[in-house]
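Chain by chain, the residues:
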Protein chains: 2
Amino acid sequence: MTKRITSIKEMTAIANKHLQAGESIGFVPTMGALHDGHATLMKAAKQDNTVTVVSVFVNPLQFGPNEDFDAYPRDIDKDEALVKGIGIDYLFHPSAEEMYPKQDITLTVGRLASVLEGAKRPGHFDGVVTVVNKLFNIIKPTRAYFGRKDAQQLAIIEAMVEDFNQDIEIRGIDIVREADGLAKSSRNIYLTEAERLEAVALYNSLQLAKDLIDGGERDTAVIEEEITRYITSYSSGTVEEAAVYQYPELIKVDTLEGRCFISLAVKFSKARLIDNIIIGGTK
Amino acid sequence: MTKRITSIKEMTAIANKHLQAGESIGFVPTMGALHDGHATLMKAAKQDNTVTVVSVFVNPLQFGPNEDFDAYPRDIDKDEALVKGIGIDYLFHPSAEEMYPKQDITLTVGRLASVLEGAKRPGHFDGVVTVVNKLFNIIKPTRAYFGRKDAQQLAIIEAMVEDFNQDIEIRGIDIVREADGLAKSSRNIYLTEAERLEAVALYNSLQLAKDLIDGGERDTAVIEEEITRYITSYSSGTVEEAAVYQYPELIKVDTLEGRCFISLAVKFSKARLIDNIIIGGTK
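Residues numbered from 1 in each chain as written. Chains lettered and ligands numbered in written order. Predicted model: local features only at pLDDT ≥ 70, side-chain atom pairs only at ≥ 80, totals over all residues. Heavy atoms only, no water.

Undergrad: Explain the pattern of salt bridges residue by residue, including any values.
TA: Tallied over the entire structure, the rule returns 44 salt bridges over all chains. Here R196 of chain B and D180 of chain B are joined by a salt bridge, their closest N and O atoms 3.0 Å apart. One end of the pair, R196 of chain B, is in helix α8 (residues 193-198); the other, D180 of chain B, is in the loop between β7 (169-173) and α8, and 16 residues separate them in sequence. Judged by its relative accessible area of 31%, D180 of chain B falls in the partly exposed class. Through salt bridges that share partners, D48, R143, E169 and R171 of chain A make up one connected network. (Salt bridge = Lys/Arg side-chain N within 4 Å of Asp/Glu carboxyl O. Helix = DSSP H or I, 4+ residues; strand = E, 2+ residues; numbered from the N terminus. Buried < 20%, exposed > 50% of the residue type's maximum accessible area, 1.4 Å probe, protein only.)

Here it is as structure tokens:
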């Protein structure tokens, strides 16, 4: 039975009770609009820990003034049904007033937020780390689960936990995809029917890149060019980013070497989709 | 017997062990050069908690480029002797490399750092909250102890714990003074012999202000003028700040009302001293 909690004080009291009993807490922070990607994170949390918490909170701090904060899909009852189905113990769903009665002090991300999504969305990752740091202090998880789709977010959360010595294990979980390869995302609902069919071009272009690399290609400019050419040919999307970065350092590389990821951001009429693929090394 | 710890990992493992045993942890963060003021904080921590930790770390992040980071007094063996004498369990004394192998993400204080010491020392309180937030995550205290001499610092630490939902009780401890009234401070050693005698003017001017207020004065401009006149008459110090603020909001007031504090900053040849007095209300 999932218990819905809206009070920070109650959530922390529950966390303390479980920790004092020697139990581990697995935590999946989300903005709701839950899909199979989230379900995979939740199942991993359930497998690894005694107690599980999922948060649903659309965090105003991580949306820019021209972004989709108001339009972001919200359906807490549907989310709760999914969470219950998986057997999560607690659904933490605070109001914005509960989370931010004031916030005079904030976290600021440096170099790691100066590239990729961070460069396009000023302040976005400051908002992400501020809310995640707060949620970690409220829920006191032993382990927290994040999808690898938001690769930059995962790298920045890992950096935050290191930089602030939070005693929490961060687990990155592989991207969950639709049958045709499109990465699952709460924002896929913004796609038109035609765009939904075209959107597989993101995944296919990454597979094409992988084939090039398997064939010996190391020049990232060539790889980026081929990806852009593919997406432009097979979809109506505009490629906003197709680039190769070191992971988790998020440094752009000219020649593929060591552990890297290819990051994609493609703009359709209303949806902006991201996807990525890790090349070399394992985590 | 006090155990000296230099490793973050070891310190957190010790904290976890005590917390899992249901014990409370009292924590006093310091920059060393310990004096009777610190001793009072430590004794309070010892009285309230099962286990006590004192940290000694001269935090480079909270010093400006023209401030006294290099000159700041350091004597860890003397500090350890004092800590042992009080019966503190753990002395946490990490290196700068241990605390800051990197720090891409930092905390930024907003309005609360725009006045008083914060206005004179840009970035100072960002450095303070960054290191204290880290120390809180490393040591996981039940309660942490701060002197009321640094009134703005105490207000900002309280705001940080609220803003980031750190599950820690902050206790403010009254200023400890020399026999003549001078507030104890690690920076008093910078005073010349003559200045040391004059420095009592800070305390006396605050007592004068208290007398004025007890006599019915409510105009803070008058109070500030009288303080400045007194210090200028009875010492060679330069008054950098003599002002009345609401506590803990740190909003400057024209008319004394509710809970306020009178904040003083006086510059001598090498020492810059601060002092304050709380007026109205209790904590």
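Undergrad: Would you mind going over the UniProt feature "active site" (unreviewed entry) in chain A in detail, with residue names and values included?
TA: Residues and elements named next belong to chain A. What UniProt calls "active site" (unreviewed entry) maps, in this numbering, to H38. Within the secondary structure layout, H38 lies in helix α2 (residues 36-48). What H38 contacts, discounting residues up to four positions off in sequence, is T30, G32, A33 and S186. (UniProt positions renumbered as here; feature names shortened; annotations may be inferred. Contact = heavy atoms within 4.5 Å.)

Undergrad: Residue-level account of the relation of the copies chain A and chain B, with values.
TA: For the match of chain A to chain B, the screw axis carries a shift of 0.0 Å, the RMSD comes to 0.0 Å, and the turn is 180°. Seen this way, the second copy is the image of the first under a two-fold rotation axis. Using C-alpha coordinates, one finds that chain A approaches the rotation axis most closely at L107 of chain A, a distance of 2.3 Å. Taken together, the interface assignments show that 100% of the residues at the interface of chain A recur at the interface of chain B, consistent with an identical surface on both copies. (Least-squares fit on C-alpha atoms with pLDDT ≥ 70 in both.)

Undergrad: I'd like a description of the packing of helix α6 (residues 124-139) of chain A against helix α7 (residues 151-163) of chain A, backed by residues and values.
TA: Residues and elements named next belong to chain A. Contact pair α6 / α7: the axes reach a minimum separation of 10 Å and the direction vectors enclose 50°. Classified by the angle their axes make, α6 and α7 are oblique. Viewed along their axes, α6 and α7 form a crossing whose handedness is right-handed. For the pair α6 and α7, contact is made by F125, V128, V129, V132, N133 and F136 and by Q152, Q153, I156, I157, M160 and V161, respectively. Its residues placed into classes, the contact of α6 with α7 shows nine nonpolar, three polar and no charged. (Axes fitted to C-alpha atoms, helices over the stretch in contact; angles between N-to-C directions. Parallel < 35°, antiparallel > 145°, perpendicular 65-115°, else oblique. Left-handed = near helix turned anticlockwise from the far one by under 90°. Nonpolar A, V, L, I, M, F, W, Y, C, P; charged D, E, K, R; others polar.)

Undergrad: Tell me about α6 of chain A, and name the residues and values.
TA: Spanning 16 residues, α6 of chain A covers 22 Å between terminal C-alpha atoms, matching the ideal 22 Å at 1.5 Å per step. The element α6 of chain A is extensively covered by neighbouring structure, given that 15 of its 16 residues are classed as buried. (Expected span 1.5 Å × (residues − 1).)

Undergrad: With reference to specific residues and values, describe α7 of chain A.
TA: All names here are of chain A. Compared with an ideal rise of 1.5 Å per residue, which puts 13 residues at 18 Å, α7 spans 18 Å between its outermost C-alpha atoms and is within 8% of the ideal. Counting buried residues in α7 gives twelve out of 13 residues, a clear majority hidden from the surface. Those residues of α7 that fall on the buried side of the exposure criterion are A151, Q152, Q153, L154, A155, I156, I157, E158, A159, M160, V161 and D163. Following α7 by one or two positions, N165 adopts a phi angle in the positive range, close to 55°.

Undergrad: Which residues make up the domain arrangement of chain A, and what values go with them?
TA: All names here are of chain A. Under the domain assignment used here, chain A contains domain 1 (3-173) and domain 2 (186-279). Each of domain 1 and domain 2 has a C-alpha centre, and these two points are 26 Å apart. Contact with domain 1, which involves 24 residues of that partner, is made by 18 residues of domain 2. The contact between domain 1 and domain 2 buries some 1,800 Å² in all, and 52% of this surface belongs to carbon and sulfur atoms. Taken together, domain 1 and domain 2 are joined by two salt bridges. (Domains from an automatic or database assignment. Buried area = accessible area lost by both parts, 1.4 Å probe.)

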